[in-house]
Amino acid sequence: MSASVLKTATNRKSPEFEKNTRRMIDLLTEIKNEEEQIRQGGGAKAMESQHQKGRLTARERITKLIDSGSQFFELGIYAAFEMYEEWGGAPCAGTITGLATVCGRTFMLIANDATVKAGAFFPMTAKKVIRAQNIAIENHIPTIYLVDSAGVFLPLQEDVFPDTDDFGRVFRNNAVMSAMGIPQITAIMGMCVAGGAYLPVMCDHILMTEGSGLFLAGPALVQAAIGQKSSAEELGGAKVHAQISGTVDFREPDDEACLHRIRALVDKMGAPRPSPFSHAKPREPLFPADEIYGIFSSDPAKQYDMREIIARIVDAGELEEYRSEYGETLLCGYARIEGWAVGIVANQKKNVHTLARGSDQKRIEFGGVIYTESAEKAARFILDCNQNRIPLVFLHDVNGFMVGKDAEWSGIIRAGAKMVNAVANSVVPKISVVCGGSFGAGHYAMCGKAYDPRFIFAWPTARYAVMSGDSAAATLVEIKLKQLEREGKKVDEKQKKELYQAVRATYEHQTDPRYAAARLWVDAIIDPAHTREALRWALVAAALNPDVPEFKTGVLQT
């Protein structure tokens, strides 16, 4: 075997492997059950109401639109999870987004779910649509909108209407995408009211089904405003906009015909420009993907070899590891995933026996911690990937940067700043997968959400925050105890324990990946065994943008 081919020492029959597998499967089962519930939208009664109007549900429309036998790679399914409960909740934030293949081409799909509050826009609905548009903008992905929405959810209008990441940004993005030459097709398949009426009219192609409505103000508001009485059909029906206003390009009798017309239009679209990134014939990994369940440990006290994870994601198990003997708590290397060349930056969770910097004194470096040497190595590797136009994949399981006198004297802040600078200014596509912990400045250095990854995915075992639950709880409890002492209150050991447990439970809930996904801090929670598939979707999408700007870092701390 070539030296670049990763080997495995995994024992599927070991107690630790079996324990890890059971834990991962339990988490996946819980998440998949929740996702299935979310897919029900507003419930069976609301779905039946949609059918009685002669309309398909949003998910039915997507199934009929995409290529037969192909997959819909959904993004943001957990958006608004456990939010807006005082209003009955908003499953999936009342809109469905994701990547799909239509006539052999990759598209971003954005579909209002009219079974959830008539497809009204909650604050998270606007943010979800904007996130989907931003992904489309960054990757030049053609976009299809399936519109069926009553407009802004008025009780929460103050959080939907005015800001830069609110409702108006959607239409601004329509205009920007059009100017960039990113194709947009809109189908009005229900109500399209008020400010939302601008969305379809700012797209390249506008389709509308019979029985749908497109107007800046509905009949009731028109009567209240100017005293004019008219039906929805007279005011802004499909026939009006096809024959009189000339607003829509195609009037269709029903959903089926409309979806067929969209496919016909897509079929005639010109080819995208060639990708600037290297792609070869894909080769399968050497080892089964489901072995990741047993290899990975979410226990902070346990170690595992991240190379074993990588070996089950990359083509043919091949990794050209960069500076493999230096800065070993970060793994860097070149590989292919589904044929696409990538640079991988991954936290190594095994403790490393090495020599102290500038001496022959032996020391242990803790797995999951970024040391000065590893930060410097990663920064240089990221520079090389930008120089050679190689997309970057970050695999997170990081506690943060090393602290203490030795670390400070070695220049950890300077080395960390160098790595953060390289990540921040990187111009090649960046994709992050949060496998385990992603804490503190380590989250930033590993291309957290604030550093513009094209996509950010999380495993069910992901946890990220300023610090781990135990550390945060201990710190917060200590602060609270000192406050109580200043107030002259005494706290016994039982009360201390109860306070600690309460603080820790709250903090742990907020570090759960579902909490993050509800707020769109991650694009999807993925099955670890499907990591390669998720990365394939992301890399295919990223390859649609042929423009790679000039790479500049500004001042690097050397």
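Higher on the page you've got the structure.
What comes next concerns the included structure. (Residues numbered from 1 in each chain as written. Predicted model: local features only at pLDDT ≥ 70, side-chain atom pairs only at ≥ 80, totals over all residues. Heavy atoms only, no water.)

### Let's talk about the overall build of the protein
Looking only at helices and strands, the protein features 20 helices and 19 strands. Taken over the C-alpha trace, the protein has a radius of gyration of 26 Å; the compact-globule value for 558 residues is 24 Å, and the two agree within 12%. Over its C-alpha atoms, taken along the principal directions, the protein stretches across nearly 85 × 65 × 50 Å. The proportion of buried residues among the 558 residues of the protein is 54%. Long-range contacts, defined as pairs at least 24 residues apart, comprise 74% of the intrachain contacts of the protein with a sequence gap of at least 6. (Helix = DSSP H or I, 4+ residues; strand = E, 2+ residues; numbered from the N terminus. Rg over C-alpha atoms; globule rule 2.2 N^0.38 Å. Buried < 20%, exposed > 50% of the residue type's maximum accessible area, 1.4 Å probe, protein only. Contact = heavy atoms within 4.5 Å.)

### Thoughts on the nonpolar core
With 76 residues, the main nonpolar core has Ile 310, Ile 344 and Phe 457 as its most contacted residues. Setting aside residues no more than four positions away along its own chain, Phe 457 makes contact with Phe 73, Leu 75, Ile 431, Ser 432, Val 433, Val 434, Ala 524, Ile 526, Ala 534 and Ala 538. Judged by nonpolar contacts, the second largest core, of 29 residues, contains Ile 38, Ala 93, Ala 120 and Ile 525. (Core = buried A, V, L, I, M, F, W, Y, C linked by side-chain atoms within 4.5 Å.)

### Comments concerning the pattern of salt bridges
Within the structure shown, the criterion is met by 32 salt bridges. Between Arg 131 and Asp 523 there is a salt bridge, with the nearest N and O atoms lying 2.8 Å from each other. Of this pair, Arg 131 sits in helix α4 (residues 123-139) while Asp 523 sits in the loop between α19 (513-518) and β19 (524-525), placing them 392 residues apart in sequence. The class for Asp 523 is buried, based on a relative accessible area of 5%. It is possible to trace a salt-bridge network through shared partners that takes in Arg 12, Asp 290, Glu 291, Glu 308 and Arg 312. (Salt bridge = Lys/Arg side-chain N within 4 Å of Asp/Glu carboxyl O.)

### Digging into the pairing of strand β18 (residues 455-458)
The alternating pattern of β18 places Phe 455 and Phe 457 on one face and Ile 456 and Ala 458 on the opposite face, and all of these are buried. When strand β17 (residues 430-438) meets β18, the two strands line up parallel, connected through 4 bridges. What sits directly across from Ser 432, in β18, is Ile 456. Between β17 and its parallel partner β18, the chain crosses via helix α16 (residues 440-445), and the hand of that crossover is right-handed. Looking at chain direction, β18 and β19 are connected through 2 bridges and run parallel. (Pairing = 2+ DSSP bridges. Right-handed = clockwise from strand over helix to strand, strands pointing away.)

### Observations concerning the sheet that holds β18
The 7 strands are arranged β9-β10-β11-β15-β17-β18-β19 in an open sheet whose pairing can be described as mixed. Pairing within the sheet leaves two strands with one partner each, and these edge strands are β9 (320-321) and β19.

### Looking at the side chain of Asp 315
By secondary structure assignment, the location of Asp 315 is in the loop between α12 (306-310) and β9. On the accessibility criterion, Asp 315 (2% relative accessible area) is buried. One polar contact links the side chain of Asp 315 to the main-chain amide nitrogen of Arg 283, over a distance of 3.3 Å. Of the polar contacts made by the side chain of Asp 315, one reaches the backbone nitrogen of Gly 339; its length is 2.8 Å. In contact with Asp 315, other than residues within four places in its own chain, are Lys 281, Pro 282, Arg 283, Glu 284, Arg 336, Ile 337, Glu 338, Gly 339 and Arg 532. (Polar contact = N/O pair within 3.5 Å; in protein donor to acceptor, adjacent residues only side chain to side chain.)

### Points about the packing of helix α3 (residues 58-65) against helix α10 (residues 255-267)
In the contact formed by α3 and α10, the axes pass within 10 Å of each other and the chain directions differ by 40°. Taken as axis vectors, α3 and α10 run oblique relative to one another. In this structure, the crossing between α3 and α10 has a hand that is right-handed. Along the contact surface, α3 presents Arg 61, Lys 64 and Leu 65, while α10 presents Asp 255, Glu 256, Leu 259, Ile 262 and Arg 263. Across the contact of α3 with α10, the residue classes tally to 3 nonpolar, no polar and 5 charged. (Axes fitted to C-alpha atoms, helices over the stretch in contact; angles between N-to-C directions. Parallel < 35°, antiparallel > 145°, perpendicular 65-115°, else oblique. Left-handed = near helix turned anticlockwise from the far one by under 90°. Nonpolar A, V, L, I, M, F, W, Y, C, P; charged D, E, K, R; others polar.)

### What about the packing of aromatic side chains?
Scanning the entire structure with this criterion turns up 13 aromatic pairs. Their ring planes at 5° and their centres at 5.8 Å tell us that Phe 73 and Trp 537 sit as a pair that is stacked. Taken together, the residues Phe 73 in strand β1 (residues 73-75) and Trp 537 in helix α20 (residues 531-542) connect sequence positions 464 residues apart. Accessibility assignment for this pair places Phe 73 and Trp 537 in one class, buried. Summarising the aromatic geometry, the rings of Tyr 78 and Phe 81 are spaced 4.9 Å apart at their centres and angled 85° between planes, so their arrangement reads as edge-to-face. Of the residues examined, Tyr 78 reaches a relative accessible area of 2% and is grouped as buried. (Phe/Tyr/Trp six-rings, centres within 6.5 Å; stacked < 30°, edge-to-face > 60°.)

### Quick look at helix α1 (residues 15-38)
With 24 residues, α1 should reach 34 Å at 1.5 Å per residue; the first-to-last C-alpha distance of 35 Å fits that figure. Buried within α1 are the following residues: Phe 17, Asn 20, Thr 21, Met 24, Leu 27, Leu 28, Ile 31, Glu 35 and Ile 38. Close packing links the buried residues of α1 with α11 (292-295), α19 and β19. (Expected span 1.5 Å × (residues − 1).)

### What to know about the pairing of strand β4 (residues 143-149)
Across the 7 residues of β4, 7 count as buried, placing the element largely inside the fold. By the alternation rule, side chains of β4 split into Thr 143, Tyr 145, Val 147 and Ser 149 and Ile 144, Leu 146 and Asp 148, which are all buried. Pairing analysis gives 4 bridges linking strand β3 (residues 105-112) to β4, with the strands arranged parallel. If you follow Ala 111 over to β4, its bridge partner there is Leu 146. Looking at chain direction, β4 and strand β5 (residues 184-193) are connected through 6 bridges and run parallel. Across the sheet, residue Leu 146 finds its bridge partner in β5, namely Ala 187.

### Here we look at the environment of Val 428
Mapped onto the elements of the fold, Val 428 is located in the loop between α15 (412-425) and β17. As a C-alpha pair, Val 428 and Asp 547 span 119 residues in sequence and 9.4 Å in three-dimensional space. Beyond its immediate stretch of four places on either side in the chain, Val 428 contacts Cys 385, Asn 386, Arg 389, Ile 390, Pro 391 and Leu 392.

### Some remarks on a nonpolar patch on the surface
Nonpolar side chains collect at one region of the surface, where Tyr 198, Met 202 and Leu 216 lie side by side and expose about 290 Å² of accessible area between them. Tracing the backbone shows Leu 216 in the loop between β7 (213-215) and α7 (219-226). The class of Leu 216 is exposed, set by a relative accessible area of 52%. (Patch = residues over 30% accessible without salt bridge, like charges linked within 9 Å, V, L, I, M, F, W, Y side chains within 5 Å. Areas by Shrake-Rupley, 256 points an atom, 1.4 Å probe, with all protein chains shown as cover.)

### Re α10
Between its terminal C-alpha atoms α10 stretches 18 Å, which fits the 18 Å expected from 13 residues at 1.5 Å a residue. Its side-chain oxygen placed 3.3 Å from the backbone nitrogen of Glu 256, Asp 254 serves as the N-cap of α10.

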